Amino acid sequence: MPPLEEGSILYMPSTMPGISITEAQRLLQVTDRILKRFPEVERVLGKAGRSETATDPAPLSMLETVIILKPKEQWRKVDTWYSAWRPDH
């Protein structure tokens, strides 16, 4: 299967069951702020719980965050453990 490169990431952590709306909102805001600090990130859009539709059965304890990335040319250049023998693309 070819790699899928759509320019975004879906991050879906789960919290403890029974989390309050206030705590879910606070946790989502803190997480979104941390993710936005990465220079490769363009935008962060988060949601806690579900919308008013039968097609979204997510409980309040399930957070969903869409991370929109900047174009790859704008990412930092970071050496990895395999940088010495990795062919350039």
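Bear in mind the structure is a predicted one, so any value in this text is a computation, not a measurement. (Residues numbered from 1 in each chain as written. Predicted model: local features only at pLDDT ≥ 70, side-chain atom pairs only at ≥ 80, totals over all residues. Heavy atoms only, no water.)

A.B. asks: In this structure, what is going on with a nonpolar patch on the surface? I would like to understand it.
C.D. replies: A cluster of nonpolar side chains, namely Leu10, Met12, Leu45 and Val66, defines an oily patch on the protein surface of about 340 Å² accessible area. Looking at the element boundaries, Leu45 is found in strand S2 (residues 41-48). (Patch = residues over 30% accessible without salt bridge, like charges linked within 9 Å, V, L, I, M, F, W, Y side chains within 5 Å. Areas by Shrake-Rupley, 256 points an atom, 1.4 Å probe, with all protein chains shown as cover. Salt bridge = Lys/Arg side-chain N within 4 Å of Asp/Glu carboxyl O. Helix = DSSP H or I, 4+ residues; strand = E, 2+ residues; numbered from the N terminus.)

A.B. asks: Before we go on, may I ask you to explain the environment of Glu40 in this structure?
C.D. replies: Here Glu40 shows up in the loop between helix H1 (21-36) and S2. Once the C-alpha coordinates of Glu40 and Arg76 are considered, the two residues, 36 residues apart in sequence, prove to be 7.3 Å apart. Among all residues touching Glu40, those that are not within four sequence positions of it are Leu69, Lys70, Trp75 and Arg76. (Contact = heavy atoms within 4.5 Å.)

A.B. asks: Whenever I open this one, H1 confuses me. Can you help?
C.D. replies: The periodicity of an α-helix, 3.6 residues per turn, causes residues three or four places apart in sequence to face the same way. Helix length check: H1 (16 residues) gives 22 Å between terminal C-alpha atoms against 22 Å at 1.5 Å per residue, within 8%. Among the residues of H1, Ala24, Leu28, Thr31, Asp32 and Leu35 are the ones counted as buried. Burial along H1 is one-sided: seen end-on, the buried residues are contained in an arc of 100°. Summarising the geometry of H1, the exposed residues directed more than 90 degrees from the buried face are Thr22 and Arg33. (Expected span 1.5 Å × (residues − 1). Buried < 20%, exposed > 50% of the residue type's maximum accessible area, 1.4 Å probe, protein only. Arc of directions from axis to C-beta.)

A.B. asks: Can you help me understand the pattern of salt bridges in this one?
C.D. replies: For side chains bearing opposite charge, pairing can occur when the charged atoms are close. This structure, assessed with the given rule, holds three salt bridges. The closest approach of N and O atoms between Arg76 and Glu40, which form a salt bridge, is 2.7 Å. Of this pair, Arg76 sits in the segment after strand S3 (63-69) while Glu40 sits in the loop between H1 and S2; the two residues are 36 residues apart in sequence, bridging distant segments of the chain. The salt bridge involving Glu64 is made with Lys47; its shortest N-O contact spans 3.9 Å. With Glu64 in strand S3 and Lys47 in strand S2, this pair connects stretches of sequence that are 17 residues apart.

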